[in-house]
Amino acid sequence: MKKTGAEVLWESLIQEGVDVMFGIPGGAVIPAFDAMLNYPKLRFILTRHEQGAAMMADGYARASGKVGVAIATSGPGATNLVTGIQVAYMDSSPVVFITGQVASNLLGTDAFQEIDMTGISLPITKHNFMITSPDEVARTVAEAFYIARSGRPGPVLIDFCKDAQVAKTENVDLPQISLLGYNPPLHAPQPKLERAAELIRAAKKPVIFAGHGVELSGATLEVQKFAERNNIPVAMTLLSLGSIPSSHPLSLGMMGMHGEAYCNLAIQNSDLIIALGMRFDDRVTGNLKTYAPGASKIHVDIDPTEINKIVMADVSLVGDIKTVLADIDPMVPNARHDDWLGQIAEWRKETDNRDIVAQPNNGKLHVPQIISEIWKATKGEALVATDVGQHQMWAAQYYQPERPRSFITSGGAGSMGFGLPAAIGAKVAMPDREVWAIVGDGGFQMTQMDLITAVHQKVEIKIALMNNHFLGMVRQWQEFFFEKRYSSVQLRNPDFGKIAEAHGAGYRRIDKAGEIQAAIEFARKTPGPVLLDFQVEQEEAVYPMVPTGADLHQMIRRPTQAKKA
């Protein structure tokens, strides 16, 4: 039986396990949307901006581990996806983006809403396709999903010409995919495994680095058991928070520029780093010349291009983390590192003495206190999505997730506006999970139009808005490194209460520290989306902070509390 290209598209998505998609229709995808009416199994969430659609699909993918799907029309619809595509690419998130395109006979003629989307997206996708014939649809969709979810995951784009959506084909069966030249490795070579085992057996002060690849590999339990058997503390990157429970005695929390001071000190004083699925980006390492100077380095990653790209490895193990750990575990006897863990515990005490949450309540609203209260109320079991900025770093420090895939944020791209749409996508993926969006007043205004999407779709998210009337992180940098010469960072904000009311969302404004717990309880008990508008301290800084290019141990500490400690 012949079917249109649009019909084959939807049937192929259903065979790939897709049940929900995000996006906005337009002229170049009208045939596809018309055909979608015949497939009631598919849920389409109409967003208010294509960037929101991209980020919802990303949040869906990160929370569920499945491939997210976002759809837009040609021209501006497609280009509005670009920021979201970049976020997914930088953070290895499996999302398939489907864009409409003008009819194939009009390609290259500057037709209405024509844009070279494959050319634009080439640097920020794992792969991309253009469909010009309905005969190509089934195989293209199968390849796109295979590439997006296999090896190191990432975004794939399908640009779908309008005439190919309408024309009919007999090629309707989903093929079995085997791509020549694309065989991501699973096992590392035996000699390298043996060398890595030697280093682990000899180490007195080892640290495991858990990167985002630990979650992507599904190796969270294996990493935790490996750490426990060998008594090795685990430092986490921003994207891997929750990969082992934050309450676990071997958890060191987050490393890097705004990481825990004791975690960074452990790294700098270690004699072995076992880096799992992370890329040693500049926010993690600080000055490379002085980075972990006494440590040998074992680097495990499924993507060989990440090995020796920034930090040279003594042993490089290219393979899947889950498989590599299974291979190396029998070679490493159980070990104790009690003296090393004792030293780290001393550093942790000194860090805790500086913690603002441990200080007497002065009645003012401090972001760390708010996030700490959300963490206490949810017992670390909620799924948290954040925007980018100061509140993001405070969330990473003070919301301590107990489960994997529970801390969703834009890491590599650092895209403001990510929190709200990512939280919507995460809640759609995990309807039984409590989901909080922790956002800043600057980033929230970039995607707040999709608050109505949450209301319309009955997506029950809770939004904690840290309202300091500043672009907070930029302001902090201007304070620290530009003599407090504030330039274009002060915000005149709208009345967020009226915005919430206009959208049909719950709302409460919080002005004092004594109101925090009641507001959180109100949000948790109120059905539907709720916006909590916290009037926080305006010129507060995130500590610790490693200045750009400084040694990792040369952290700027909280000054007033440093004197107390």
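Please read all numbers here as calculations on a predicted model, not as lab measurements. (Residues numbered from 1 in each chain as written. Predicted model: local features only at pLDDT ≥ 70, side-chain atom pairs only at ≥ 80, totals over all residues. Heavy atoms only, no water.)

What follows covers the overall build of the protein chain. Of the regular secondary structure elements, the protein chain holds 24 helices and 20 strands. Here the C-alpha atoms of the protein chain give a radius of gyration of 24 Å, agreeing with the 24 Å that 2.2 N^0.38 yields for 565 residues. Principal-axis analysis of the C-alpha atoms gives the protein chain an extent of 75 × 65 × 40 Å. Residues counted as buried form 61% of the 565 residues belonging to the protein chain. Sequence separation of at least 24 residues holds for 75% of the intrachain contacts in the protein chain that already meet a minimum separation of 6. Counting only carbon and sulfur atoms, one obtains 51% of the accessible surface of the protein chain, whose full area is about 22200 Å². Taking the average location of the 53 positive side-chain charges in the protein chain and that of its 61 negative ones, the two points are 5 Å from each other. (Helix = DSSP H or I, 4+ residues; strand = E, 2+ residues; numbered from the N terminus. Rg over C-alpha atoms; globule rule 2.2 N^0.38 Å. Buried < 20%, exposed > 50% of the residue type's maximum accessible area, 1.4 Å probe, protein only. Contact = heavy atoms within 4.5 Å. Areas by Shrake-Rupley, 256 points an atom, 1.4 Å probe, with all protein chains shown as cover. Lys, Arg positive; Asp, Glu negative; His and termini not counted. Charge placed at Lys NZ, Arg CZ, Asp CG, Glu CD.)

Often, the extent of an interface is quoted as the loss of accessible area on bringing the components together. Domain assignment breaks the protein chain into domain 1 (3-169), domain 2 (190-347) and domain 3 (357-550 + 557-564). Centre-to-centre, using C-alpha coordinates, domain 1 lies 31 Å away from domain 3. Contacts between the two partners involve 26 residues from domain 1 and, on the opposite side, 27 residues from domain 3. At the junction of domain 1 and domain 3, the tally comes to 0 salt bridges. Where domain 1 packs against domain 3, one counts 6 residue pairs in polar contact (both at pLDDT 80 or more). Those elements that provide at least two residues to the side of domain 1 that touches domain 3 are β2 (20-23), β3 (43-46), α3 (50-64) and α5 (82-90). By residue number, the principal contributor to the side of domain 1 that touches domain 3 is α3, which donates 11 residues. Residues that form the side of domain 1 that touches domain 3 fall into these classes: 12 nonpolar, 9 polar and 5 charged. (Domains from an automatic or database assignment. Salt bridge = Lys/Arg side-chain N within 4 Å of Asp/Glu carboxyl O. Polar contact = N/O pair within 3.5 Å; in protein donor to acceptor, adjacent residues only side chain to side chain. Nonpolar A, V, L, I, M, F, W, Y, C, P; charged D, E, K, R; others polar.)

Moving on, we come to helix α7 (residues 137-149). An α-helix turns once per 3.6 residues; consequently, residues spaced three or four apart project the same way. Look at α7: 19 Å from first C-alpha to last across 13 residues, which is about the 18 Å you get at 1.5 Å a residue. When you tally the buried positions in α7, you get 10 out of 13 residues, the bulk of the element. Of the residues making up α7, those classed as buried are Val137, Ala138, Thr140, Val141, Ala142, Glu143, Ala144, Phe145, Ile147 and Ala148. On its buried face, α7 sits against α1 (5-15), β4 (68-72), β5 (95-101), β6 (127-131) and β7 (156-161). (Expected span 1.5 Å × (residues − 1).)

The strand order across the open sheet formed by 6 strands is β3-β2-β4-β5-β7-β6, and the pairing between neighbours is parallel. Every other strand in the sheet has two partners, leaving β3 and β6 as the edge strands with one partner each. If you compare each strand with its neighbour and ignore which way they point, the axes differ by 20 degrees on average. Sitting on the sheet, α1 touches β2, β4, β5 and β7, and the angle it makes with β7 is about 155 degrees. Docked against the sheet, α3 engages β2, β4 and β5, running at close to 170 degrees with respect to β4. (Pairing = 2+ DSSP bridges. Axes fitted to C-alpha atoms, helices over the stretch in contact; angles between N-to-C directions.)

One pass over the full model with this rule turns up 23 salt bridges. A salt bridge links Glu222 to Lys322, with the nearest nitrogen and oxygen atoms 4.0 Å apart. Separated by 100 residues along the polypeptide, Glu222 in helix α11 (residues 220-230) and Lys322 in helix α14 (residues 321-328) bring together distant segments of the chain. Among the ionic pairs, Arg336 bridges to Asp338, the shortest N-O distance being 3.0 Å. Among the residues examined, Arg336 registers a relative accessible area of 60% and is labelled exposed. Asp338 sits in the partly exposed class, given a relative accessible area of 45%. If you follow the salt bridges from partner to partner, you end up with Arg152, Asp303, Glu306 and Lys309 in one network.

Turning our attention to the side chain of Ser316. Summarising the element assignment, Ser316 is placed in strand β14 (residues 315-318). The exposure class of Ser316 is buried, given its relative accessible area of 14%. Within polar-contact distance, the side chain of Ser316 engages the side chain of Lys192 at 3.0 Å. If near-sequence neighbours (up to four positions away) are discounted, Ser316 is found in contact with Lys192, His299 and Ile307.

Let's shift gears to the pairing of β6. Bridge count for β6 against β7 is 5 bridges, and the pairing is parallel. Bridge pairing in β7 places Met130 opposite Asp159. Assessed by its sense of winding, the connection that carries the chain from β6 through α7 to β7 is right-handed. (Right-handed = clockwise from strand over helix to strand, strands pointing away.)

With that settled, the discussion passes to the environment of Met331. Position of Met331 among the secondary structure elements: in the loop between α14 and α15 (338-354). For the pair Met331 and Leu46, spaced 285 residues apart in sequence, the C-alpha separation works out to 53 Å. Not counting chain neighbours up to four residues away, the residues in contact with Met331 comprise Gln190, Leu193, Glu194, Ala197 and Arg201.

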